[in-house]
Amino acid sequence: MARINENFLKLKAGYLFPEIARRVNAFTEGNPEAAKRLIRCGIGDVTEPLPEACRQAMHEAIDELGNAATFKGYGPEQGYAFLREAIVENQFAGLGIAADEVFISDGSKCDTGNILDIFGKGNVIAITDPVYPVYVDTNVMIGNTGDADETGAYAGLVYLPCTPENGFVPAIPDRKVDLVYLCYPNNPTGATATRAQLEAWVAYARANQAIILYDAAYEAFIQDPELPRSIFEIEGARDCAMEFRSFSKNGGFTGVRCAYIVIPKTLKGYTADGQEQAIHPLWSRRHSTKFNGASYPVQKGAAAVFSEAGKAQVAALIEGYMGNAKLLREACAAAGLPVFGGVNAPYVWVGCPAGLTSWDMFDKMLNEANVVITPGSGFGAAGEGYFRISAFNTRANVEEVCRRIGATFG
Ligand SMILES: *Cc1c(COP(=O)(O)O)cnc(C)c1O
């Protein structure tokens, strides 16, 4: 009898995006004419083409693979030195990060899930609410939670509510936790964390021998020079944090797939009997056992993000998306809706009109404006009463979405 991992049965059936897809499909089938004007601002996927510099680097890499003299088979599991070094020079200069503390992968979604392989049972895990659903569901799958209640909250997780009152950066817990997921700039709220806020988290983690899992997938969207771009800008973070980064949102690599984790060699965990153990060799072993390296052309394409041309092309992409965010913010504010985020992040987080739940708002936007948004409650109980609009779209689509928001709520 083949036994299954019964933790999977605890997962709430409607993982957010499948439920959105179900409602959109039902709408499309019932309203074939209106479906033609549907604009999707739901899933956080980029829309603009890959930067020329990246495409060119990938073409050249493919040609190398077509020549016996330059052919490459398996590469180093942790990633090619050219990319690890380019990352350190361009993203972590002056922060004391070495190239061999960078582990290249095929995505932050898998990295943030897979990292749980190296942590033990019994950790108290804190997540922000609302949150990127991957952190929660991967903890459910591995057995770190009990069952979900009717609001979708899992027993055993410590939820840290993020609200307008705390600027969507949670208060430091009044209890001891062992692993904390933080994501800034935030998906879904578009909020950012200040240096002082991250300093408080680092102090808390160090005092409690906890580890911060810092997701900086949206670092490139930070416009305010005062905001920290990396957790490693905070003194002491090397001892209590790892950072997840991705080429998905800056370089538009959502379909190409390349990301990395930075794990300082000084980051420690503990055995059940309290012995210190460095995290770096554990992840190194895990990564090289279960992963055979990101593809060579992809890593070449990723490195090209840091070329002079690549930097200019990425800057233009970010500028375009942030221009969209500004228009969406203005349209929602003009419609009298409370607006958050969208200033240093490609997501605008909007309060629903009085009396409407997140899914009511989803249905209203779908049926009346023919625009797909993401219901805030899909990201956690504290997301109820909000919705997320993604700025990842063409300018023409965003302008049309703004007009329709005006027509629907103006
Ligand atoms: C998009 C996103 C990522 C990047 O995921 P990839 O698997 O690298 O595409 C990571 N974290 C968050 C919160 C995201 O929204």
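First, a word on scope: everything that follows refers to the structure included in this document. Remember, predicted model here, so these are calculated numbers, not experimental data.

Parameters at a glance
- Residues numbered from 1 in each chain as written.
- Predicted model: local features only at pLDDT ≥ 70, side-chain atom pairs only at ≥ 80, totals over all residues.
- Heavy atoms only, no water.
- Phe/Tyr/Trp six-rings, centres within 6.5 Å; stacked < 30°, edge-to-face > 60°.
- Helix = DSSP H or I, 4+ residues; strand = E, 2+ residues; numbered from the N terminus.
- Buried < 20%, exposed > 50% of the residue type's maximum accessible area, 1.4 Å probe, protein only.
- Lys NZ or Arg CZ within 6 Å of the ring centre and 35° of its normal.
- Near = heavy atom within 4 Å.
- Polar contact = N/O pair within 3.5 Å; in protein donor to acceptor, adjacent residues only side chain to side chain.
- Areas by Shrake-Rupley, 256 points an atom, 1.4 Å probe, with all protein chains shown as cover.
- Nonpolar A, V, L, I, M, F, W, Y, C, P; charged D, E, K, R; others polar.
- Core = buried A, V, L, I, M, F, W, Y, C linked by side-chain atoms within 4.5 Å.
- Domains from an automatic or database assignment.
- Contact = heavy atoms within 4.5 Å.
- Pairing = 2+ DSSP bridges.

1. A word on the packing of aromatic side chains
Inspection of every chain in the model, using the stated rule, returns 22 aromatic pairs. With a centroid separation of 6.1 Å and an interplanar angle of 90°, the aromatic rings of Phe82 and Tyr296 are classed as edge-to-face. One end of the pair, Phe82, is in helix α4 (residues 81-91); the other, Tyr296, is in helix α9 (residues 296-303), and 214 residues separate them in sequence. With a centroid separation of 5.8 Å and 75° between ring planes, the pair formed by Trp201 and Tyr204 is classed as edge-to-face. In this pair, Trp201 and Tyr204 both sit in helix α7 (residues 195-208), three residues apart, roughly one turn of the helix. Accessibility assignment for this pair places Trp201 and Tyr204 in one class, buried. Each residue in the set Phe92, Phe232, Phe247, Phe253, Tyr260 and Phe306 is aromatic and connected to the rest through ring pairs, giving one cluster. Just above the ring of Tyr347 sits the side chain of Arg388; from NZ or CZ to the centre is 4.2 Å.

2. Notes on unusual backbone geometry
A cis amide bond, omega 5°, links Asp129 with the succeeding residue Pro130. Within the element layout of this structure, Pro130 appears in the loop between β3 (125-129) and α6 (133-141). Omega for the bond connecting Asn187 with Pro188 falls within 30 degrees of zero, at 20°, which places this linkage in the cis form. Of note, Pro188 is situated in the loop between β5 (179-183) and α7. The backbone of Phe168 sits at a positive phi, close to 65°, despite the residue not being glycine. Tracing the chain through its elements places Phe168 in the loop between β4 (157-161) and β5. Owing to a relative accessible area of 4%, Phe168 belongs among the buried residues under this scheme. Despite not being glycine, Arg257 has its phi angle at roughly 80°, a positive value.

3. Examining the site of the ligand
The immediate surroundings of the ligand are formed by 14 residues, with Asp215, Tyr218, Ser246, Ser248 and Lys249 found nearest. Within the contact set of the ligand, an oxygen atom lies 2.5 Å away from a side-chain nitrogen or oxygen of Ser248. Interatomic distance of 3.3 Å between a side-chain N/O atom of Lys249 and an oxygen atom of the ligand. In isolation the ligand has 380 Å² of accessible area, and contact with the protein removes 93% of it. When the residues that make up the shell around the ligand are grouped by side-chain class, the tally is five nonpolar, five polar and four charged.

4. Observations concerning the nonpolar core
Among the nonpolar cores identified, the biggest contains 102 residues, and Leu83, Ile87, Phe247 and Ile389 are the most heavily contacted of them. A domain-level breakdown of this core finds at least three residues from each of domain 1 (11-49 + 309-409) and domain 2 (54-306). Aside from chain neighbours lying at most four places away, what touches Ile87 is Phe92, Val102, Ile104, Phe247, Tyr260 and Phe306. Formed by 27 residues, the second largest nonpolar core is a distinct cluster that contains Ile118, Leu157, Tyr181 and Phe244.

5. Some thoughts on the sheet that holds strand β11 (residues 339-341)
If you trace the four strands from one edge of the open sheet to the other, you get β11-β12-β15-β14, paired in antiparallel fashion. Each of the sheet's edge strands pairs with one partner strand only, and the pair in question is β11 and β14 (374-375). Sheet topology note: the β11/strand β12 (residues 347-351) ladder contains three bridges and is antiparallel. Bridge assignment links Gly341 to a residue of β12, and that residue is Val348.

By themselves, these figures tell us nothing about what the structure is for.
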